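Here are the chains, one letter per residue:
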Amino acid sequence: MREAMWWEPLENNRVRCKLCPLNCIIDEGKRGSCKVRKNMGGKLYTLNYGKVSSIATDPVEKKPLFHFWPGSCAFSIATVGCNMHCKHCQNWEISQADESFPYLHDMTPEMIVTMAKKYGCESIAYTYNEPTIWYEFVLDTAKLAKKEGLYNLMITNGYINEEPFRELAPYIDAMNIDIKAFNDEFYMKIASVPSGEPSRKTAVIAKKEFGIHVELTYLIIPTLNDKEEEIRAFARWVVDELGDDTPVHFSRFFPHYKLLHLPPTPVETIETAYRVAKEEGLKFVYVGNVPGHPDEHTYCPKCGKPLIVRYGFEIVEYNVTDDGRCRFCGEPIPIVGTYTKKKYPGMWW
């Protein structure tokens, strides 16, 4: 536990948290919506600093990041808590928990960096639950990782206020931002926040102002965010605001947590989203959670030949040159880094 960043005192010993757009006003002895920031004696404290719920060595493709050092290893860490309360969360056991979660380990930024290097990982990924509400620990770890030559990856809902994000952004190399839907009703009813606009704004600032490598994930849930018009509007926004070279992952939903009554997304729905996004001009669109599907590969936008052939998270064929061009026609391909074929020790806890 330590005093939090990004808050202000209010009268009657209340405080306002200024980390995310919820801007929670918290009475003394109470917690914010994320469950891990608490008003104690008129000061805001973070309760999950150094509290690690999960560690794994993952292929970077699992994040998913398909255009950032393909084949490399991401040392993945998580804590507890989240500033959203998504009814379909596949990691709800940790995202909806607090510091009383029984399987937490106390770790320092130095320990995280040392372990990442020990296991031969090129990056540290802040993932599984929402890294925004782990802000102080992520910032300290990312600064140290940067000094030690490691990349920092945020797998995030992007729901963070602009000022704290601007302080963190110089230390972040890549982000996968989860765009939950392209309608605010979904955010209100399913994610328990007023709007998706802050997440979209984070994506624009990250890519356009800080040069962070950004990929987007859109989990398609039957009846909730799967309308073709909504997918088309989302794709058009990506092209207009982030650029047609921004990788977009349309992932298949499977029932989790409080949405067990909904069926898995039909593969045909994912294929429709892929087609629509391509029609709107996106060059790099991917089908997720459908292992073996031909649209999980990277294709050259000029000659159409397969550049990176994948099966799930594994690369089975790679046709991008070391200087980032299509091996067949020479078209420049926006991929950060070169292919790094790794073997993963498979450690996880």
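Position labels on residues start from 1 in each chain and follow its written sequence. Only residues with pLDDT of at least 70 are given local features in this predicted model, and only at 80 or more are side-chain atom pairs given and counted; all residues enter the totals for whole chains, interfaces and linings. Calculation of side-chain values draws on the structure's entire complement of heavy atoms; hydrogens and water are dropped beforehand.

A short note on the domain arrangement of the protein chain
Move 1: Taken domain by domain, the protein chain consists of domain 1 (2–46) and domain 2 (61–291).
Move 2: A C-alpha centroid distance of 25 Å is found between domain 1 and domain 2.
Move 3: Across the boundary between the two partners, domain 1 contributes 17 residues, which contact 24 residues of domain 2.
Move 4: Across the interface of domain 1 and domain 2, roughly 1,700 Å² is buried in total on both sides, 58% from carbon and sulfur atoms.
Move 5: Buried area counts how much accessible surface, traced with a 1.4 Å probe, disappears from two parts once they are put together, with both parts' losses summed. In terms of surface lost to domain 2, no three residues of domain 1 exceed Trp6, Leu19 and Pro21, which account for 33% of the buried area on that side.
Move 6: By salt bridge we mean one thing: a side-chain nitrogen of Lys or Arg within 4 Å of a carboxyl oxygen of Asp or Glu. If you look at where domain 1 meets domain 2, you find three salt bridges.
Move 7: Of the charged contacts, one joins Arg2 and Asp140 as a salt bridge, the two residues approaching to 3.8 Å between their closest N and O atoms.
Move 8: The class makeup of the residues in the side of domain 1 that touches domain 2 is nine nonpolar, three polar and five charged. Domain start and stop points were drawn from an automatic or database domain assignment. Whether two residues are in contact is decided by their heavy atoms, any of which lying within 4.5 Å being enough. Three residue categories are used. Nonpolar comprises Ala, Val, Leu, Ile, Met, Phe, Trp, Tyr, Cys and Pro, charged comprises Asp, Glu, Lys and Arg, and polar comprises the others, including Gly.

What to know about the UniProt feature "binding site: [4Fe-4S] cluster" (unreviewed entry) in the protein chain
Move 1: Under the feature "binding site: [4Fe-4S] cluster" (unreviewed entry), the UniProt entry names Cys82, Cys86 and Cys89.
Move 2: Elements are defined by DSSP. Helices are runs of H or I of four residues or more, strands are runs of E of two residues or more, and each kind is numbered from the N terminus. Within the element layout of this structure, Cys82 appears in the loop between strand E9 (73–78) and helix H1 (92–95).
Move 3: If we ignore the near neighbours within four places in the chain, the residues touching Cys82 are Ser33, Cys34, Ser95, Gln96, Glu130, Ile133 and Asn157.
Move 4: Take Cys89: it is sitting in the loop between E9 and H1.
Move 5: If we ignore the near neighbours within four places in the chain, the residues touching Cys89 are Ser95, His256 and Tyr257. UniProt positions are given in the numbering used here, feature names are shortened, and annotations may be inferred rather than shown by experiment.

As for unusual backbone geometry
Move 1: The omega angle of the peptide bond from Lys63 to Pro64 is -10°, so this bond is cis rather than trans.
Move 2: Phi angles above zero are rare outside glycine, and Tyr128 is one such case at about 75°.
Move 3: Looking at the secondary structure, you find Tyr128 in the loop between strand E11 (123–126) and helix H3 (135–147).

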